[in-house]
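Here is what each chain is made of, one letter per residue.
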Amino acid sequence: MTRQFRDSITSKKSRLLAGAAMVAIITVAQSASAQMLMEEVTVTAQKRSQSAQDVGISITAFSREQLEAMGYTNAQEVTAMAAGVSTLQPNGEANYSIGIRGVANNDFTTNVESPVAIYVDEVYISQMSGAGFMLFDIERVEILRGPQGTLFGRNATGGLVHYVTVKPGEEFGGYGSVTYGSFNRLKVQGAVNLPVNDKLAVRASFSTHQGDGYVTNRLQPDRKLNNANETAGRLQFLFTPNEDVEILLNARFGQQDIRTGFFENVSAENPDGLLTPTVPNTTLGGYLDNDGNVFAGDYDSPGRNKLDTYGFSGTVNWDLGWAELTSITDFQSVKRNYIEDSDASPVKFFNFFLTTDAQQFSQEFRLAGETENMKWVGGFYYMDLDINDTNGAIAPGLLAAFFGPIDVIGFNGIKNPYQTKVKTWSLFGQVEYDVTDKLALIAGFRYIAEKKDHFYRDVLFLYPDTSVNGLDPNAIEVADALTPFAGKRNDKNWSARLQANYRPNDDVLLYASWNRGVKSGGFNAPLLPTDIFVTDSFMNYRPEKLDAFEAGFKVDFADGRARINGSAYYYDYNDYQAFAIIGLDTFTLNADAKNKGFELELQMNPTEGMDVQFGIAYIDAKVTNVPGITVDVATPAGTVSAIRPGATVRPVQTPKWNLNGLIRHEFPVASGAIALQVDGQYRSEHTFGLLETQALTENGYFVGNASITYLPEDQDWSLRVFVKNITDEEYLLQTFDLSGTLANGGIFGLVEQYYGKPRTWGANITFNF
């Protein structure tokens, strides 16, 4: 086993968020005999230790050492080595969500919560705008597949990702890390742990990332887009007044301010989603970008993403003797101001913008205990979410084409302010009963009450020519384009779990489960003033309900030198919340869906110093009974059918096949050791919208990485050199189909394409003290 992975044998703690372990403490330990690749994840559940291999749920977890070895530095990267898990970037660098088993949210309107929940230190992060944070001073990342809701926090139909930070400790110490690489990018991070006395310890962590962009604006070549300019920090206080009580206080912040406008403009003159890359765009005055460089464009209005987040939390753990009481109180704020050059051309035609101003308060209480043959947990969760957002566009070209000269109609932009207020509370509980020393039965239940109020306006604005964002105070409100919409929801839902775990021997676990997952209904916030959209039937979508059936196994073999975990599942949805792109608008629509598939993950330590990891996932997913939508765009072509009534399509961002692999070989040299590592991920064909047109399709790709690490003997530092996307693969992360001209019933006559990063290199030095 390599040293980078073996070093994780030191005792490390984080909170388990699912399975039979009943919301307890994970301790990472590993055999120092170098006979096992796998980290032995043990769970201390009310004074009893239990390996994660004993937990009947599909989990992929990464320790701090593994994250460093793979070079992950932001939250978007951790899914690459998890089978059946994908990272989605529906609107650029600071807006992302995660898809698990075809369950995902690709909508960039920020009042829509993802079906895959994001947690940091047991605190739920509701806003996608606040989920693309930097990874620094992280103890562990846990990815759980399948519905969650009977054990903790916010209910989720798809699964969850939990980021666990390093907590204050009893000894003085810390670390520092410096990375320099492509595009003059510099990343610096570090942490200091300071024990004040035997009852109080403090830990301060900090990270910053600065550097040039990788997208060239030919109109301003000295100001490249998608640059790096972000900083984050965290301060934690751990107070232990006695051996039964632990109080953790956390304050954190993050900021990002980067240049955006990153889309590649590809001509698509016909309104059928087919590309016409050699045909000039008549809507944009004959503009054509066909130089073959997907990381260059002509942006007359370069965009910007400015993001500010902060939060405070307090966690209390109190051992009552007969049970453990946990209280988690949190407040967090997310503010974002975003604008882009949507037409990706030198023409002042259409610049989309959105803003976010969200504040979230949550409170959770849990009580957990155990007897000789039973473990139980019960709890209460409350969240108050206040969202004040806008979306809109500064669009003189588009609006003039529709309605006439700007000086005649008196407006050149659209601004849609909307407020969504959410109040939700839940009661939950779960019991695990050991029928025999080999068979355990699990039952859990959750009741959810949720209220939502939504108020939406579609307003015509006159923006000055100098406007660079949708919040320009000099913009003039002209009139409401449509009657404002006000809606209320009062959803009451329930979720449940039934499961059986069977362990025939110490090396094998078999499990089977049924889970009922739910996600409350919500509201859309369309961009354009279209009467058919701003109606109750389209603004409102119903709760999503899922019956999930799963069977799996976890097996250790070859004298502990290898491990294989697998699971197969069948998902049956009612009122599946499907994501659809309809022209310039994005919507969540109710449909039905059925998903089935499997995952296999293999870890091996075939020889001393060699680590091998492979993962494979297959997803057969279908969205059925999709509502038919016909949009009147008031053009000579009349109406355009956007989605066929009753269509059957694949969910967005859901490849049938997802494969990943890693090989790491460490060998001694005179002064220490060298570790060579290669890893990569393959995703088969997938689409970015329900229409499945050529414009919305990525044909599949493989991205590989390589690194060399020097580990000096008996020293507290390491040096790593790496290359990411080593073959310089060009692959799509997102597209928007704006094909067809205004004359033939289309929109811009183009397709927006957003590509993953090109090949990059870097060098990192990390030291501990």
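## A few points about the overall build of the chain
- Secondary structure summary: the chain contains five helices and 45 strands in total.
- Once local pairs closer than 6 in sequence are excluded, the contacts in the chain between residues at least 24 apart make up 68%.
- Surface exposure of the chain reaches about 27,700 Å², of which carbon and sulfur atoms provide 59%.

## What about the pattern of salt bridges?
- Going through the model one piece at a time under the given rule, you end up with 31 salt bridges.
- Of the charged contacts, one joins Glu-599 and Arg-101 as a salt bridge, the two residues approaching to 2.6 Å between their closest N and O atoms. Highlighted residues: Glu-599 in strand β34 (residues 585–604) and Arg-101 in the loop between β7 (97–100) and β8 (116–120), separated in sequence by 498 residues. Here Glu-599 and Arg-101 have matching classes, each one buried.
- Residue Arg-457 is joined to Glu-477 by a salt bridge in which the shortest nitrogen-to-oxygen separation is 2.7 Å. You can see Arg-457 sitting in the loop between β25 (439–456) and β26 (459–462) and its partner Glu-477 sitting in strand β27 (residues 476–480), a full 20 residues away along the chain.
- Looking at Glu-477, the relative accessible area reads 43%, which means it is partly exposed.
- Several salt bridges converge on common partners, so that one network encompasses Arg-64, Glu-68, Asp-137 and Arg-203.

## Let's talk about the sheet that holds strand β10 (residues 138–145)
- Spatially, β5-β10-β11-β8-β9 is the arrangement adopted by the five strands of the open sheet, whose pairing is mixed. Looking at strand neighbours, the two that pair on one side only are β5 (59–63) and β9 (123–125), the edges of this open sheet. On average, adjacent strands in this sheet sit at an angle of 20° to one another, irrespective of strand direction.
- Across five bridges, β8 lies against strand β11 (residues 159–165) in parallel orientation. Following the sheet pairing, Ala-117 is matched in β11 by Leu-160.

## Remarks on the nonpolar core
- Within the largest apolar cluster, 43 residues are counted, with the highest numbers of intra-cluster contacts made by Phe-350, Leu-398, Leu-584 and Phe-748.
- Those elements that provide at least two residues to this core are β22 (351–370), α3 (396–403), β33 (562–582), β41 (697–712), β43 (732–738) and β44 (750–755).
- The biggest single contributor to this core is β43, with four residues.
- Residues contacting Leu-398, with those up to four places away along its chain left out, are Phe-349, Phe-350, Leu-584, Leu-742 and Phe-748.

## With respect to the sheet that holds β43
- Pairing within the open sheet is antiparallel, and its three strands lie in the order β18-β44-β43. Both edges of this open sheet fall to β18 (264–267) and β43, since each of them pairs with a single strand only. Each adjacent strand pair in this sheet contributes to an overall mean axis angle of 25°, direction not counted.

## Regarding the pairing of β11
- Among the seven residues that make up β11, seven are buried, leaving the element largely enclosed by the rest of the structure.
- Summarising the sheet, β10 and β11 pair through seven bridges and their orientation is antiparallel. The residue of β11 that forms the bridge with Glu-142 is His-162.

## Observations regarding the packing of aromatic side chains
- Per the stated rule, a full pass over the model turns up 30 aromatic pairs.
- Seen in terms of ring centroids, Phe-445 and Trp-494 are 6.0 Å apart; in terms of plane orientation they differ by 15°. Their pairing is stacked. With Phe-445 in strand β25 and Trp-494 in strand β28 (residues 485–505), the pair connects residues that are 49 residues apart, well separated along the chain.
- The exposure class assigned to Trp-494 is partly exposed, which follows from its relative accessible area of 36%.
- Aromatic pair Tyr-618 and Trp-657: ring centres 4.8 Å apart, planes at 50°, arrangement tilted.

Calculation criteria
- Residues numbered from 1 in each chain as written.
- Predicted model: local features only at pLDDT ≥ 70, side-chain atom pairs only at ≥ 80, totals over all residues.
- Heavy atoms only, no water.
- Helix = DSSP H or I, 4+ residues; strand = E, 2+ residues; numbered from the N terminus.
- Contact = heavy atoms within 4.5 Å.
- Areas by Shrake-Rupley, 256 points an atom, 1.4 Å probe, with all protein chains shown as cover.
- Salt bridge = Lys/Arg side-chain N within 4 Å of Asp/Glu carboxyl O.
- Buried < 20%, exposed > 50% of the residue type's maximum accessible area, 1.4 Å probe, protein only.
- Pairing = 2+ DSSP bridges.
- Axes fitted to C-alpha atoms, helices over the stretch in contact; angles between N-to-C directions.
- Core = buried A, V, L, I, M, F, W, Y, C linked by side-chain atoms within 4.5 Å.
- Phe/Tyr/Trp six-rings, centres within 6.5 Å; stacked < 30°, edge-to-face > 60°.

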